[in-house]
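In case you want the letters, here they are:
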Amino acid sequence: MWPIVEKAAKDNGLVTAFAVVGLMMLLSGFLSKKLTFGRVQGSAIAILMGLALAYVGGRITGGTKGLADIAFFSGIGVMGGNMLRDFAIVATACEVQPTEARRAGWIGAISLLIGTVLPFMVGVLVARAFGYTDPVSLTTIGAGAVTYIVGPVTGTAIGASSEVLALSIATGVIKAILVMVFTPAAAGFLRLRTPRSAMVFGGLAGTVSGVTAGLAATDRRLVPYGALVATFHTGLGCLMGPSVLFLAVKAIFA
């Protein structure tokens, strides 16, 4: 029986990958509800599970692609590849209507710019403190501090190593989890009570998953407003990361 299942999984790798990720999402949603009472979103738990499985896969096979190095899970390498990643970015951007974006106004645009540049600067300084000196690595890790999608997109564009790409993703994941966890606790201090404050918060925080989960745990009515502005971070970061921000880092640290 097992040889048949294994052959089917290998011959239909992408289908197997979707099935595995679906099961992980079900499990992470259950753990989120039962262990954290919804305070930590299921996607954050799923990301941590994925990182753990990638580490285990790399240790078992000695390869460089994590769980995808195991033949049974080879489809995960396709599902997590550049093609589907970039497709997801485009699909997310297509859902945003220009008429709705205008609701944020100038305050949303300013908070979006600050929320993109400030985390990037912090990421660059932290990477520099840990010994990274080349502009490519500094820019990639700094871009990861914007979001965990902007990091690998920027790093791929400017030729970063796989280790640095992994660090940029980890940086963005940690940021998203921190926003998810601490938003409800800091809601009173941040005065997250109105749609306008939610839009400013979404622009400054800059992680859609973190903002959505944090506002959902604070006040569900604020979620669309925060997510509206935060959605633009991925596109803006992917535009600025390998161009303006990379040139600025190169000018300073080269």
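A. A look at the overall build of the protein chain. A count of helical and extended segments in the protein chain gives 14 helices and zero strands. Scored against the burial criterion, the 254 residues of the protein chain give a buried share of 41%. When contacts within the protein chain are restricted to residue pairs at least 6 apart in sequence, long-range pairs at least 24 apart make up 65% of them. Looking at the protein chain as shown, the accessible area adds up to about 14000 Å², and 71% of this sits on carbon and sulfur atoms.

B. The arrangement of the nonpolar core in detail. Formed by 19 residues in total, the largest nonpolar core has its most connected members in Phe-120, Val-124, Val-136, Leu-138, Val-150, Ala-160 and Val-249. Contributions of two or more residues to this core are made by helix H7 (105-129), helix H8 (135-144), helix H9 (150-158), helix H10 (162-190) and helix H14 (232-253). If one sorts the elements of this core by residue count, H14 sits on top with five residues. Setting aside anything within four residues of it in sequence, one finds Phe-120 in contact with Thr-139, Gly-142, Ala-143, Val-146, Leu-245 and Val-249. Of all hydrophobic cores here, the second largest spans eleven residues; its members include Ala-198, Phe-201, Val-211 and Leu-215.

Basis of the calculations
Residues numbered from 1 in each chain as written. Predicted model: local features only at pLDDT ≥ 70, side-chain atom pairs only at ≥ 80, totals over all residues. Heavy atoms only, no water. Helix = DSSP H or I, 4+ residues; strand = E, 2+ residues; numbered from the N terminus. Buried < 20%, exposed > 50% of the residue type's maximum accessible area, 1.4 Å probe, protein only. Contact = heavy atoms within 4.5 Å. Areas by Shrake-Rupley, 256 points an atom, 1.4 Å probe, with all protein chains shown as cover. Core = buried A, V, L, I, M, F, W, Y, C linked by side-chain atoms within 4.5 Å.

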